[in-house]
Amino acid sequence: MRNARQHEIVVTLCLPTGALLVSLLVFGVFVACSGANPLAAYALMYQGGFGTWFSWQNTLQRAAPLILTALCTAIPAQLGLVIIGGEGALVLGGLGAVVMALHFPVGVPWLVQLAMALAGMVVGGLLILVAGALRHYRGVNETISSLLLTYIAIAGFHHLVEGPMRDPASLNKPSTAAIGDANMLGLLPGMDVHWGLLYGLVACVVVYILMSRTVFGFAARMAGGNARAAQLSGLPIGRLILTGCFLAGAAAGLAGMVEVAAVHGRANASLVVGYGYTGILVAFLARHHALAIIPVAVLLGGIGASGGLLQRRLGLPDATVLVLQGILFVVILASEALRDRLQLLGKTAS
Amino acid sequence: MPYDHTLSRRALLRGAATTAAGLYAAALPVWAANQTVVGFIYVGPRDDFGYNQAHAQGAAAVAKLPGVKVVEEEKVPETADVQKTMGSMITLDGATLLFPTSFGYFDPHVLKVATQYPQVTFLHAGGLYQEGKHPKNVGSYFGYIDEAQYLAGIVAGHTSRSGKLGFVAAKPIPQVLRNINAFTLGARAAKPQTTTQVIFTGDWALPVKEAEATNSLVDQGIDVITCHVDSPKVVMETCERRGIFCSGYHASQAALAPKGYLTGAEWNWEGVYTDFVKRFQAGEKLPNLVRGGLKEGMVRISPYGPAVGEPARQQTEAARAQLMAGTFVIFKGPLQSNTGATIIPAGEQRVQTDLSLEAMDWLVAGVIGSTK
């Protein structure tokens, strides 16, 4: 049996690594077709994403928001739901954080930051909660509803930022008032990466423990595996779905708070840049495993960080890294089809 | 059996590591050490026929200068990403002069990175520099492109048969309103009864909405359309397909509408950037705030298209000569808004440097539309 367990670990590690290598090979063919040297491209990607201390910080900084938005898809996935509304939750979470900061009565930075984080999480959580509630009570497909809710959230966000909440001094870039320098989140000690990274890491660990070590997690995964069986065993499916969706939205909402409090200092259109959508990709690549999200987000962050170097040194278009992301997505998902076969192989061997 | 996997993976990794190490040299910058490395950062695709292309044309002109190496990155969002892109250009490429070209890059991104790298010069398109408040290694420049829009308006006013012009705009912010107003004032200087119908799409790059807006304007009998969005491509192509005239923005879109393209308000970043970089190479301290219009060579109009008649050319050239001489003011009294309010009383005028123009929140009489 020990061999079988070892084998499983080997499969779990080798499968994504192999898929990554295959993706890089396919990508190399693409690069060659675009007239650049694929080997130089690999070297540049390594250098731009992981080759120097600066590159690592670049990579981690880009990974930070993705870790949190990936949780927005990964948590409901445990319940068998496909939620893709992280972008909406992020944007509204950021706005909620600003509103909190502007109206918070006490001028103690850490208290303001805590209140902002809570506000962002509640607002983001409520948005995804709606998708969960529509699913549970009205049978509305949660994938579609969470996507459409995102459109509504973004439209509402623009309306507020360019209308009632606009700072009159923000002439050519409509924004809300600033939350104030004192309330900004600083950088992690010793590196040029903001606290959002640590928030993301902690959130992943918490979600992992929640899903694998608690009754809630067990019930949620059971409901995700077979909702009817779970219901027959007396599990409160509705409450599980609503809680899971709220937590999911809260993660993305926290990402919005971080964007506001660590980067922009105010809410404006720069919050709507697609971190929520890239998070979906991260969650699927990580197979909705909370801890696997971290390396996947770092990988995608690294690809993003090295994308610039590919453009600058090889003259490849920006879409190059999107092509690599797409190849990765397809190959990793396809490689999952091999898992059962490889595991079977292990069983026969032991 | 399982050990086979481990072994092959290890071998593979070892091979990969060797390859990576061998190729590391290939990844080092290929340019000579004594070259000035200039970085350009764009918020959208550099071949968008619009805002970003105008800057990329400037970068291409800079790349032709001796002793200069240009590095470019496109589609960089206005987030922490652009901070890292600037850092990457400085750390990995050795850039000493950066042009982060999107308006939204300035605060907080350029300001923050400029503090981190005081030895690097940052020149930002937007004209937002404030003396005493912003780092000294930051500069900001912008052009009075409404002067070019005024000239384009004269051409449009002359060419339109219906007297009805259209304007597809992104957001009702001062820069955009100033263009709509200047275009309309130009058109009404040609033919006083001309009107401009404006449609706001809500954001800088919404191709589908821009096409819908253009089509609906054409359906209303409008026969000349211009725009202020990041990429005028869709608007121009739709106009050409519908058989009406169009006037460009940011860069020349003449190639997209060979029949209907009249002229357009363009940036002259080629001239501006070449000048900046030459002075930078000569060791000169560049001014922190640079603004200018036609006279200073920061903006220009596209060459006239085939549909532009002689009267239009004559009046436009006359106005251009006055603007070049600095004897003409676009916003002067009596000037009324389209809600009937008097904006500038008779006998008064607001020259380009007037700060109240930067906070414009009104549309001149003749514009059909609302700033809200």
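For clarity, every value in this text was computed on a predicted model and none was experimentally measured.

### Quick word on the overall build of chain B
- Assigned secondary structure in chain B consists of 10 helices and 17 strands.
- With respect to the principal axes defined by its C-alpha atoms, chain B has extents near 85 × 50 × 35 Å.
- Counting only contacts in chain B whose residues sit at least 6 apart along the sequence, the fraction spanning at least 24 positions is 67%.

### Let's talk about the overall build of chain A
- Of the regular secondary structure elements, chain A holds 13 helices and zero strands.
- In terms of overall size, chain A behaves like a compact globule, its C-alpha atoms giving a radius of gyration of 21 Å where 350 residues would be expected to give roughly 20 Å.
- When the backbone C-alpha atoms are referred to their principal axes, chain A occupies close to 70 × 60 × 35 Å.
- With 350 residues in all, chain A has 52% of them scored as buried.
- In chain A, the share of contacts with a sequence separation of at least 24, taken over all contacts with a separation of at least 6, comes to 77%.

### Some thoughts on the interface of chain B and chain A
- Facing the 38 residues of chain B at the interface are 36 residues of chain A.
- Every element with two or more residues in the side of chain B that touches chain A is listed here: helix H1 (2-27), strand S2 (68-73), helix H3 (80-93) and helix H6 (174-190) of chain B.
- Looking at the side of chain B that touches chain A residue by residue, the classes come out as 17 nonpolar, 10 polar and 11 charged.

### Regarding the environment of B:Gly58
- The topology assignment puts B:Gly58 in helix H2 (residues 51-63).
- B:Gly58 has contacts with B:Trp269, B:Glu270, B:Val272 and B:Tyr273, leaving out every residue within four places of it along the chain.

### Quick look at the nonpolar core
- Grouped together as the largest cluster of nonpolar side chains are 114 residues, with contacts concentrated most on A:Leu71, A:Ala251, A:Val282, A:Ile293 and A:Ala297.
- When residues in this core are grouped by element, the largest group, 18 residues, is from helix H10 (residues 237-264) of chain A.
- Those residues in contact with A:Ala251, other than ones at most four positions away along the chain, are A:Leu68, A:Leu71, A:Cys72, A:Ile75 and A:Ala203.
- B:Tyr51, B:Ala213, B:Phe245 and B:Ala319 belong to the second largest nonpolar core, which has 104 residues in total.

### Description of the domain arrangement of chain B
Residues and elements named next belong to chain B.
- Under the domain assignment, chain B is made up of domain 1 (36-143) and domain 2 (146-263 + 299-368).
- A straight line from the C-alpha centre of domain 1 to that of domain 2 covers 29 Å.
- If you look at the interface, domain 1 gives nine residues, while domain 2 gives 11 residues.
- Per element, the largest residue contribution to the side of domain 1 that touches domain 2 is four residues, and it comes from H2.
- Residue classes in the side of domain 1 that touches domain 2 are distributed as three nonpolar, five polar and one charged.

### Notes on helix H7 (residues 196-213) of chain A
Residue and element names in this part refer to chain A.
- Taking 1.5 Å as the rise per residue, H7 with 18 residues should run 26 Å; its terminal C-alpha atoms sit 25 Å apart, in good agreement.
- Residues of H7 that are buried include every one of Gly196, Leu197, Tyr199, Gly200, Ala203, Cys204, Val207 and Met211, and no others. Take H7 and look down its axis: the buried residues cluster within an arc of 155°, on one side only. Facing away from the buried side of H7, by more than 90 degrees, are the exposed residues Val202 and Arg213.
- Of the surrounding elements, those touching the buried residues of H7 are helix H3 (53-78), helix H8 (215-225), H10 and helix H12 (293-314).

### Examining the sheet that holds strand S9 (residues 245-250) of chain B
All names here are of chain B.
- Ordered in space as S12-S10-S9-S8-S6-S7-S17, the seven strands form an open sheet in which the pairing is mixed. Only two strands of the sheet have a single neighbouring strand rather than two, namely strand S12 (299-301) and strand S17 (367-368).
- Relative to strand S6 (residues 164-169), helix H7 (residues 207-219) is tilted by about 170°, and along the sheet it contacts S6, strand S7 (195-200) and strand S8 (224-228).

### Some remarks on the packing of H3(A) against helix H11 (residues 275-285) of chain A
Residues and elements named next belong to chain A.
- Axis separation between H3 and H11 bottoms out at 7 Å; the angle between their running directions is 60°. As judged from the angle between their axes, H3 and H11 are oblique. Viewed along their axes, H3 and H11 form a crossing whose handedness is right-handed. Contacts between H3 and H11 involve Pro65, Leu66, Thr69, Ala70, Cys72, Thr73, Ala74 and Ala77 from the first element and Tyr275, Gly276, Thr278, Gly279, Ile280, Val282 and Ala283 from the second.

### Observations regarding the pairing of S2(B)
Residues and elements named next belong to chain B.
- Most of S2 sits inside the fold, with five of its six residues counted as buried.
- Sheet topology places strand S1 (residues 36-41) next to S2; six bridges connect them, and they run parallel. What sits directly across from Thr36, in S2, is Val68.
- Between S1 and its parallel partner S2, the chain crosses via H2, and the hand of that crossover is right-handed.

### Some thoughts on the sheet that holds S2(B)
All names here are of chain B.
- The strand order across the open sheet formed by six strands is S2-S1-S3-S4-S5-S11, and the pairing between neighbours is parallel. Both edges of this open sheet fall to S2 and strand S11 (289-292), since each of them pairs with a single strand only. Ignoring strand direction, the axes of neighbouring strands in this sheet form an average angle of 15°.
- The sheet contact formed by strand S3 (residues 97-100) and strand S4 (residues 121-125) spans two bridges and is parallel. By the bridge assignment for S4, Leu98 is matched with Phe122.
- On the sheet, H2 packs against S1, S2 and S4 and is oriented at approximately 155° with respect to S2.

### Description of the confidence of the model for chain B
- Of the residues in chain B, 92% have a pLDDT of 70 or more, and the chain-wide mean is 92.
- In the model, residues 1-7 of chain B has pLDDT below 50 throughout and makes 10 contacts with residues more than four positions away in sequence or in other chains.

### Describing the pairing of S4(B)
All names here are of chain B.
- Of all five residues in S4, five are buried, a share of seventy percent or more.
- Running through helix H4 (residues 106-116), the crossover from S3 to the neighbouring parallel element S4 is right-handed.
- Examined bridge by bridge, S4 and strand S5 (residues 138-143) share four bridges and lie parallel to one another. What sits directly across from His124, in S5, is Ser140.

### Brief notes about unusual backbone geometry
All names here are of chain B.
- Cis geometry is found at the peptide bond from Asp107 to Pro108, where omega equals 10°.
- With respect to the element layout, Pro108 can be found in helix H4.
- Positive phi outside glycine occurs at Phe49, with the angle close to 60°.
- Even without being glycine, His250 reaches a positive phi, approximately 75°.
- In this structure, His250 sits in strand S9.

### Quick notes on the packing of helix H4 (residues 86-103) of chain A against H10(A)
Residues and elements named next belong to chain A.
- At a minimum axis distance of 6 Å, the contact between H4 and H10 shows a crossing angle of 50°. What the angle tells us is that H4 and H10 run oblique. The hand of the H4/H10 crossing is right-handed. Along its contact with H4, which presents Gly86, Ala89, Leu90, Val91, Leu92, Gly93, Gly94, Gly96, Ala97 and Val98, the element H10 presents Gly249, Ala252, Gly253, Leu254, Ala255, Gly256, Met257, Glu259, Val260 and Ala261.
- Its residues placed into classes, the contact of H4 with H10 shows 12 nonpolar, seven polar and one charged.

Definitions and cut-offs
- Residues numbered from 1 in each chain as written.
- Chains lettered and ligands numbered in written order.
- Predicted model: local features only at pLDDT ≥ 70, side-chain atom pairs only at ≥ 80, totals over all residues.
- Helix = DSSP H or I, 4+ residues; strand = E, 2+ residues; numbered from the N terminus.
- Contact = placed C-beta atoms within 7 Å.
- Rg over C-alpha atoms; globule rule 2.2 N^0.38 Å.
- Buried ≥ 20, exposed ≤ 12 C-beta atoms within 10 Å, placed from the backbone.
- Nonpolar A, V, L, I, M, F, W, Y, C, P; charged D, E, K, R; others polar.
- Core = buried A, V, L, I, M, F, W, Y, C linked by C-beta atoms within 7 Å.
- Domains from an automatic or database assignment.
- Expected span 1.5 Å × (residues − 1).
- Arc of directions from axis to C-beta.
- Pairing = 2+ DSSP bridges.
- Axes fitted to C-alpha atoms, helices over the stretch in contact; angles between N-to-C directions.
- Parallel < 35°, antiparallel > 145°, perpendicular 65-115°, else oblique.
- Left-handed = near helix turned anticlockwise from the far one by under 90°.
- Right-handed = clockwise from strand over helix to strand, strands pointing away.
- pLDDT = per-residue confidence, 0-100.

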